[in-house]
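# A look at the structure
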Amino acid sequence: MDERYYNLSEDQKLVKAKYPPVTRKHEYLDHTADVQLHAWGDTMEEAFEQCAMAMFGYITDIDTVEPIDTVEVEAEGHDMISLLYNFLDEWLYQFSAEKFFVPREVKVLQVDRSAFKIRSIGWGEEFNLEKHPQGTEVKAITYSAMQIHEEEKPEVFVIIDI
C-alpha cells in the first residue's frame, strides 16, 4: 500500500502500472498542525532527493505521474541547512507558481558543498486534478526543527507548512 491513501481512478491505476514503483526512502512524522518529512539515502544527495519526493508525495500519489517532461532546479545557500531549505523551496515554486510541475523523480546532479550550490533535475508532468489524485497542499517549507545528519546514514528532517 502507498504511504498515503488515495482513491485512484482506473486511469490513474493504469498509469501507475505502466512504470516501476518509485523508490521511497522517506516517511511522514506527525507534527502539530504541520507535517515533518524524514528522508534518508546512501548519500546526502539521495537524502535531498528523497526529501523533495516526500514533499511531492504529500501533494499527490507520485506513482501516477508520468515522466514526460523535465525541469531543472538550481539553488544556493550559505550553509547546508539553507541549501536544503532553498532546494525544497525552489521545487515547491515549480509546482505552485511556475509550471504546476510535479516530478515522478528528482535527481541531484551536482552539489558544491564549499559554495553551497545544488543543481537538480526532475522528470514528471504538469499537475492535473483529472489525472493526479489530490493530497494535501504544501504552503511552505520551514526552518523550524530542520536537521541534517551525516554521521551514520545521511538523513534530513524538514517541517512543511500544510
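In short, a report on the structure. Treat the numbers as computed from the prediction; the structure is a model and nothing was measured.

## Here we look at the overall build of the protein
Counting secondary structure elements, the protein contains three helices and eight strands. Seen in sequence order, the protein has helices and strands lined up from the N terminus as α-β-β-α-β-α-β-β-β-β-β. The globule rule puts the C-alpha radius of gyration for 162 residues at 15 Å, and the 15 Å found for the protein is close to it. Along the first, second and third principal axes, the C-alpha atoms of the protein reach 45 × 35 × 30 Å. Per-residue burial over the protein gives 49% buried out of 162 residues. When contacts within the protein are restricted to residue pairs at least 6 apart in sequence, long-range pairs at least 24 apart make up 67% of them. For the protein, the accessible area works out to roughly 8300 Å², and carbon and sulfur atoms hold 47% of it. Charged side chains of the protein number 15 positive and 33 negative; the gap between the two group centres comes to 4 Å.

## Focus: the pattern of salt bridges
In total, this model carries 12 salt bridges according to the counting rule given. The shortest N-O distance in the salt bridge between Asp42 and Lys25 comes to 3.6 Å. Within this pair, whereas Asp42 is found in the loop between strand E2 (34-40) and helix H2 (44-59), its partner Lys25 is found in the loop between helix H1 (10-18) and strand E1 (26-31), the two being separated by 17 residues in sequence. Judged by relative accessible area, Asp42 falls into the exposed class, the value being 63%. Residue Glu66 pairs with Lys131 through a salt bridge whose shortest N-O separation is 2.5 Å. Placement of the pair is Glu66 in the loop between H2 and strand E3 (69-76) and Lys131 in the loop between strand E5 (117-126) and strand E6 (140-141), with a sequence separation of 65 residues. Residue class for Lys131 comes out partly exposed when judged on its relative accessible area of 21%. Sharing partners across several salt bridges, the network here consists of Lys18, Glu66, Glu125 and Lys131.

## Things to note about the nonpolar core
In this structure, Phe48, Leu84, Phe87, Trp91, Ile141 and Val156 are the most contacted members of the largest nonpolar core, which totals 43 residues. Looking at this core element by element, the count peaks at 11 residues for H2. When sequence neighbours within four positions are dropped, the list of residues in contact with Val156 reads Leu37, His38, Ala39, Met44, Ala47, Phe48, Cys51, Leu84, Gln147 and Ile148.

Parameters and conventions
- Residues numbered from 1 in each chain as written.
- Predicted model: local features only at pLDDT ≥ 70, side-chain atom pairs only at ≥ 80, totals over all residues.
- Heavy atoms only, no water.
- Helix = DSSP H or I, 4+ residues; strand = E, 2+ residues; numbered from the N terminus.
- Rg over C-alpha atoms; globule rule 2.2 N^0.38 Å.
- Buried < 20%, exposed > 50% of the residue type's maximum accessible area, 1.4 Å probe, protein only.
- Contact = heavy atoms within 4.5 Å.
- Areas by Shrake-Rupley, 256 points an atom, 1.4 Å probe, with all protein chains shown as cover.
- Lys, Arg positive; Asp, Glu negative; His and termini not counted.
- Charge placed at Lys NZ, Arg CZ, Asp CG, Glu CD.
- Salt bridge = Lys/Arg side-chain N within 4 Å of Asp/Glu carboxyl O.
- Core = buried A, V, L, I, M, F, W, Y, C linked by side-chain atoms within 4.5 Å.

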